[in-house]
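# Summary of the model geometry
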Amino acid sequence: MATLSNQSFNPEYYEKAWENYSTEEYDVVIIGGGSVGAGAAVDAATRGLKTAVVETRDFAAGTSSRSSKMFHGGLRYLAMFDFRLVAESLHERELNMSTLAPHLVKPLRFIFPLTHPVWERVMMFGGFTLYDLMGGAKSVPMQKHLTRKGVLKVAPGLKDDAVVGGVRYYDTLVDDARHTMTVLRTAAEFGANVRTGTEVIGFEKDRGGRIIGAHVRDLATGREATIKGRVFINATGVWNDKIQEMAGVEGKFTVHASKGVHIVVPKDALDADAALCFVTEKSVLFVIPWGEYWIIGTTDTDWEKGLSLPDPAPTKADIDYILDQVNQRVTRTITRSDIVGVYSGLRPLLTGKSDTTTKLSRNHAVAKVAPGLVSVAGGKYTTYRVIGKDAVDLATKELDFEVPESVTERTPILGAEGYHALANQVPFLAKRYGVHQDVIEHLLGRYGSLLGEVLAPAEDDPELLKPLPNAEHYLWAEVRYAVTHEGALHLEDVLSRRLRIAIEYADRGVDSADAVADFIAPLLGWDEATKQAEIAAFKEHTEAELQAEAALTDQEANDILVRAAGKPQV
């Protein structure tokens, strides 16, 4: 059997993976490279199962790169009396913060402002106490109640009349796209064959109706192949129903999409030293520190415009709603001119679950929908590992041999082992590599103990330690690493997900696009025509998104993006 263990995601890796797709028979084939697919992949691979992962676009290109950037403990679910989900979420949050991914999942101090002096404080005290006792205060402090003066000391930018007091508590911050990609790299380290830019276009069944193969197309070349597998896991999120329809089966649950929108503004737009959490009539509004920025969101609206596009368009109405809600609570009015980034995604919400559905928590479901095909959907990013484990547990029932139990609860992802030791040596590392300590801290928070691997090429090429033009928070070494190790195949992959330039700079990455394309073109084997096409595609899509953000309705905004993509409406 060919193995791809101990290799990095790069064009050579993907080519070998394609060859393996045509020649190997896998125990488990996972469709979808988002957080759930990643969780299932590392679970299956670490059980010794021959595993393949197929992703149409890029890792975490959809919902999994468009979250509120938190591994949260599910505080809001206490009000729904969903204690199991809260306990599960807190357990997973602690695991990731302390063991599985401490380089990527960081403690985050929150202030929950109170607006009623007596009953709300009593109610929140009870809720936070339960939260702490269920696991919310292991690696982080317990709740602390604050007076109005105490809240305003931490968050002077709040209006006096918008707060009567508050509660300090902790959740975590995570770069969702980096986390998902790193989990998939970890799966590959344990033998999984993982490939992006590969679309499932059909299924093959045996005479008994069992699914035994998936027909796939390489979107870069148009070539096709059939992956043979003993069992397939549909982990495509909002595209769950489309895969089931393609397989000719009726699922035991369906997925309904809900749109969530966030805006990004500079840090000086709001004077506060902690994240903030507000409850509005329609959603929960988070104000989350993100480097030199604040991420503010989210919305929660039904999405009924189909799935012609991979991502929904944020509208003027969405952005105005967020601005209106936050401006009711802050002293300095935040305007559209403050916004440097906007992103939106679709949440896969479960509907129509049948009695035969294998419900392994209230918010995600796993079911065998046909011989050889398991579907999984719903859930929260925080519990991606549990969801992946549950999907593999059910999939193993389709195998005719004994499979070991899951070990992902004690399997750190790449970059985690040795991270704490390196984080204790920042001044030494800064001197060793000849960079400022801030640069080392930035890199440790993105790559953990892989930092040396990122910076190694700079020993021969010091230019790699210089910042990017118009995106000075990032180094050229990171751009190189995105292509040589992290599987970026397109300009958008680098600017939007490996680096978060597209949501952190007012130009949305356009001013960096030409220079980055020039740099990665030889690494990816692009000729001049391909490079120019990549630049044009990125800039045209960015311009279409900006136009969509000025549209009032979902329909109008979606039409703009559909026209820009040159796709028919479905």
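On a predicted model such as this, the values are computed, not experimentally measured, just so you know.

### Comments concerning the overall build of the chain
- The helix and strand inventory of the chain stands at 19 helices and 20 strands.
- The C-alpha radius of gyration of the chain comes to 23 Å, within 12% of the 25 Å expected for a compact globule of 570 residues.
- Overall, the chain is about 70 × 60 × 50 Å in size when its C-alpha atoms are taken along their principal axes.
- Taken over 570 residues, the chain has a buried fraction of 59%.
- Considering only residue pairs separated by 6 or more positions, the chain has 72% of its internal contacts joining residues 24 or more positions apart.
- Put simply, the chain shows about 22600 Å² of open surface, and 52% of that area lies on carbon and sulfur atoms.

### Some points on the pairing of strand 15 (residues 341–351)
- Across the eleven residues of strand 15, eight count as buried, placing the element largely inside the fold.
- Relative to strand 15, strand 10 (residues 254–266) runs antiparallel, the two being bridged by eleven bridges. By the bridge assignment for strand 15, valine 261 is matched with serine 344.

### Some remarks on the confidence of the model for the chain
- Chain-level statistics for the chain give a pLDDT mean of 92 and a share of 95% at 70 or above.
- Below a pLDDT of 50 lies the segment residues 1–5, which in the model reaches 15 contacts outside its immediate sequence neighbourhood of four places, other chains included.
- Confidence drops under pLDDT 50 across residues 353–362; counting only partners more than four residues distant or on other chains, this segment forms 23 contacts.

### Some thoughts on the pattern of salt bridges
- In total, this model carries 38 salt bridges according to the counting rule given.
- Lysine 259 serves as the salt-bridge partner of aspartate 318, at 2.5 Å between the closest nitrogen and oxygen. Here aspartate 318 is found in helix 8 (residues 316–327), whereas its partner lysine 259 is found in strand 10, with 59 residues between them in sequence. Take aspartate 318 and lysine 259: they sit in the same class, and that class is buried.
- One network of salt bridges, with partners in common, ties together Asp58, Glu492, Asp493, Arg497 and Arg498.

### Concerning helix 19 (residues 554–565)
- If you check helix 19, its first and last C-alpha atoms are 16 Å apart, about what twelve residues at 1.5 Å a residue would give, namely 16 Å.
- Those residues of helix 19 that sit buried are Asp554, Ala557, Asn558, Ile560, Leu561 and Val562.
- Turning to helix 19, the residues buried within the fold contact strand 10, strand 14 (301–302), helix 8 and helix 18 (528–548).

### A short note on the packing of aromatic side chains
- Summed over all chains, the structure comprises 17 aromatic pairs.
- Ring plane angle 35° and centroid distance 5.2 Å describe the contact between phenylalanine 9 and phenylalanine 59, whose orientation is recorded as tilted. Residue phenylalanine 9 is found in the segment before helix 1 (11–23), and its partner phenylalanine 59 is found in the loop between strand 2 (51–54) and helix 3 (83–100); the two are separated by 50 residues along the sequence.
- Classification of phenylalanine 9 by relative accessible area gives buried; the value is 1%.
- Pairwise contacts between aromatic rings join Phe110, Phe112, Phe128, Tyr169 and Phe286 into one cluster.
- The ring of tyrosine 343 has lysine 69 lying over it, and the distance from NZ or CZ to the ring centre is 4.4 Å.

### Re the side chain of arginine 498
- Looking at the secondary structure, you find arginine 498 in helix 15 (residues 491–498).
- By relative accessible area, which is 1% here, arginine 498 ends up buried.
- Within the structure, the side chain of arginine 498 is placed 2.9 Å from the backbone oxygen of glutamate 486, a separation counted as a polar contact.
- Other than its neighbours up to four places away in sequence, arginine 498 contacts Asp58, Phe59, Arg178, Met181, Arg446, Ala482, Glu486, Gly487, Ala488 and Asp493.

### Thoughts on unusual backbone geometry
- Here the bond from glycine 297 into threonine 298 is cis, since omega is 25°, no more than 30 degrees from zero.
- Counting through the fold element by element, threonine 298 comes out in the loop between strand 13 (293–297) and strand 14.
- Here the phi dihedral of lysine 69 falls at roughly 65°; this positive angle occurs in a residue that is not glycine.
- Assignment of secondary structure puts lysine 69 in the loop between strand 2 and helix 3.
- Phi at asparagine 470 is positive, roughly 65°, even though this residue is not glycine.
- Relative to the elements of secondary structure, asparagine 470 occurs in the loop between strand 19 (467–468) and strand 20 (471–475).
- Take asparagine 470: its relative accessible area is 41%, and that puts it in the partly exposed class.

### Some points on the side chain of glutamate 24
- Examined against the element boundaries, glutamate 24 turns out to sit in the loop between helix 1 and strand 1 (25–31).
- Of the polar contacts made by the side chain of glutamate 24, one reaches the side chain of lysine 50; its length is 3.4 Å.

### A short note on the UniProt feature "domain: Alpha-glycerophosphate oxidase C-terminal" (unreviewed entry) in the chain
- This chain's UniProt record puts "domain: Alpha-glycerophosphate oxidase C-terminal" (unreviewed entry) on residues 406–531.
- End C-alpha to end C-alpha, residues 406–531 measures 43 Å, and it is 55% helix and 6% strand.

### Some details on the packing of helix 3 against helix 9 (residues 384–396)
- Direction vectors running N to C along helix 3 and helix 9 enclose 105°, while the axes themselves pass 9 Å from each other. If you check the angle between helix 3 and helix 9, you find them roughly perpendicular. Between helix 3 and helix 9, the residues in contact are Glu88, Glu92, Leu95, Asn96 and Leu100 and Tyr384, Arg385 and Val386, respectively.

Parameters at a glance
- Residues numbered from 1 in each chain as written.
- Predicted model: local features only at pLDDT ≥ 70, side-chain atom pairs only at ≥ 80, totals over all residues.
- Heavy atoms only, no water.
- Helix = DSSP H or I, 4+ residues; strand = E, 2+ residues; numbered from the N terminus.
- Rg over C-alpha atoms; globule rule 2.2 N^0.38 Å.
- Buried < 20%, exposed > 50% of the residue type's maximum accessible area, 1.4 Å probe, protein only.
- Contact = heavy atoms within 4.5 Å.
- Areas by Shrake-Rupley, 256 points an atom, 1.4 Å probe, with all protein chains shown as cover.
- Pairing = 2+ DSSP bridges.
- pLDDT = per-residue confidence, 0-100.
- Salt bridge = Lys/Arg side-chain N within 4 Å of Asp/Glu carboxyl O.
- Expected span 1.5 Å × (residues − 1).
- Phe/Tyr/Trp six-rings, centres within 6.5 Å; stacked < 30°, edge-to-face > 60°.
- Lys NZ or Arg CZ within 6 Å of the ring centre and 35° of its normal.
- Polar contact = N/O pair within 3.5 Å; in protein donor to acceptor, adjacent residues only side chain to side chain.
- UniProt positions renumbered as here; feature names shortened; annotations may be inferred.
- Axes fitted to C-alpha atoms, helices over the stretch in contact; angles between N-to-C directions.
- Parallel < 35°, antiparallel > 145°, perpendicular 65-115°, else oblique.

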